[in-house]
Amino acid sequence: MDLIRNTIIEGECVDVLSRLPDKSVDLVFADPPYNLQLGGGLTRPDQSHVDGVDDAWDQFDSFDAYDLFTHQWLTECRRVLKDDGAIWVIGSYHNIFRVGAILQDSGFWIQNDVIWLKSNPMPNFKGTRFQNAHETLIWAGKTEKSRVTFNYDALKAFNEDKQMRSDWTIPLCTGSERLKDTVTGKKAHPTQKPEALLKRVLLATTNPGDVVLDPFSGTGTTAAAAKMLGRDYVGIEQDPAYIRLSRARLKAITPLNGEALETQKGARALPRVPFGALVENGWLKPGDRLWSPKKRHHARIRVDGSLSTGDASGSIHRLGAHVMKAPACNGWTFWHYESPKGDLAPIDLLRRRYRQENGLN
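Residues numbered from 1 in each chain as written. Predicted model: local features only at pLDDT ≥ 70, side-chain atom pairs only at ≥ 80, totals over all residues. Heavy atoms only, no water.

**Q** Explain the sheet that holds strand S1 (residues 7–10) to me, please; I cannot follow it from the model alone.
**A** Picture the strands of a sheet paired through backbone hydrogen bonds; they go either parallel or antiparallel. Spatially, the 8 strands line up as an open sheet ordered S1-S8-S7-S2-S3-S5-S4-S6, and their pairing is mixed. With one partner strand each, in any of the chains shown, S1 and strand S6 (167–169) form the two edges of the open sheet. The mean inter-strand angle of the sheet, taken between neighbouring strand axes irrespective of direction, is 20°. Note: strand S7 (residues 211–214) against strand S8 (residues 232–237), 4 bridges, orientation parallel. Across the sheet, the residue bridging to valine 211 is aspartate 232, located in S8. Contacts between helix H2 (residues 63–80) and the sheet are confined to strand S2 (25–30), strand S3 (81–91) and S7, with S3 contributing the most and set at about 145° to the helix. (Pairing = 2+ DSSP bridges. Helix = DSSP H or I, 4+ residues; strand = E, 2+ residues; numbered from the N terminus. Axes fitted to C-alpha atoms, helices over the stretch in contact; angles between N-to-C directions. Contact = heavy atoms within 4.5 Å.)

**Q** What exactly am I supposed to notice about unusual backbone geometry here?
**A** A negative phi angle is the norm for most residues apart from glycine, just as the trans form is the norm for most peptide bonds. Within the chain, lysine 23 stands out as a residue other than glycine whose phi angle is a positive 50°. Mapped onto the elements, lysine 23 comes out in the loop between helix H1 (13–18) and S2. Positioned with a positive phi, lysine 325 is a non-glycine residue whose angle comes to about 55°. With respect to the helices, strands and loops of the structure, lysine 325 is situated in the loop between helix H9 (316–324) and helix H10 (331–334).

**Q** Please clarify how the pairing of strand S4 (residues 109–117) should be interpreted in this entry.
**A** Side chains on a regular strand alternate between the two faces of the sheet. Two strands pair when backbone bridges link them, and S4 and strand S5 (residues 134–141) are joined in this way by 8 bridges, in the antiparallel orientation. Along S5, the bridge assignment pairs aspartate 113 with isoleucine 138.

**Q** Explain the nonpolar core here, please?
**A** Taken as a class, soluble globular proteins show a tendency for nonpolar side chains to be buried jointly. Counting residues in each nonpolar core, the largest one holds 34 residues, and the members touching the most others are Trp88, Leu137, Trp168, Leu197, Val201 and Leu202. Of all the secondary structure elements, the ones that give two or more residues to this core are S2, S3, S4, S5, helix H4 (152–158), helix H5 (195–205), helix H6 (221–228) and helix H7 (240–251). Top element by residues in this core is H5. It accounts for 6 residues. Not counting residues up to four positions away in its chain, the partners in contact with tryptophan 88 are Leu27, Val28, Phe29, Ala30, Val114, Leu137, Ile138, Trp139, Trp168, Val201 and Thr205. Of all hydrophobic cores here, the second largest spans 31 residues; its members include Cys13, Val25, Trp73 and Ala140. (Core = buried A, V, L, I, M, F, W, Y, C linked by side-chain atoms within 4.5 Å. Buried < 20%, exposed > 50% of the residue type's maximum accessible area, 1.4 Å probe, protein only.)

**Q** Before we go on, may I ask you to explain the pairing of S2 in this structure?
**A** Of all the 6 residues making up S2, 6 are buried; the element is thus mostly covered by neighbouring parts of the structure. Here S2 runs beside S7; their pairing, made up of 2 bridges, is parallel. Residue pairing for S7: leucine 27 is matched across the bridge by valine 212.

Right, dumping it as structure tokens:
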């Protein structure tokens, strides 16, 4: 079975997954059955019924049956992931610890757990437990060696230049975003996730054009977020009613494109430009002198892009560390070149211009 992008496939998840090609997707987001093991209905203090999760797809005969199912779908997800791919799994205290152990047993390498703090959680109507105000997400690479995508600088910009933490406060899906049954007017799915949660996951760990797979697609929240953010999606869902709602939802979405999809990138994310490239392309010349910021130190450029001063020589970083008597040095910001007007400027400015003029940004 070839991978058809931007589609919701009808069928049971393990069966459909088994027919997808190896190493064909970049990210999996899985919101599996929670196996709530509910006994009897749930009512509010006024005896009105709480519309909770009592669907057949969330019911398993035993923990062993649930564990076997989890092993099966995780094994198939790992097979279809690319070598540098990753998976997110979300769950509650009912299942996330079982899923996490099986995830590790299956060969995945956990990167983080993230706590989704619900700003508007459902009360504990019986008053017998703490109010359940969070769910847990596990983010894991396919293997320990996987070089998973992590858009650190984009998340830092998103978070007002502060490092993104692993606790995310996002409200439950409510209002116009909550899909309703066209006949009864009640919520169409008991555990529909907010698009804001999926957008943050995809912003953090995918790039435009990546393929995102959701093996428990439900009403299509993952697909909706992927389409909006310029990612391709593949959803798997066995309920025809959910599929109809998903397709109508997706049809109404206009994807972002062009500049709107660009994100903040730090120096680590940019293509590497060696100092020697500036020398061999004439931006600086062998024999030119470079200076420390206050002209306390200077060095000469050699033909291979190394620097020399006195009886010491080395790369821009190594020689900078040597003259400062420091364990390390960022030579791009330490060494300065002299402009025709006599002003000093860091050689990093030349690197930026080189990237720009050669389309490397």
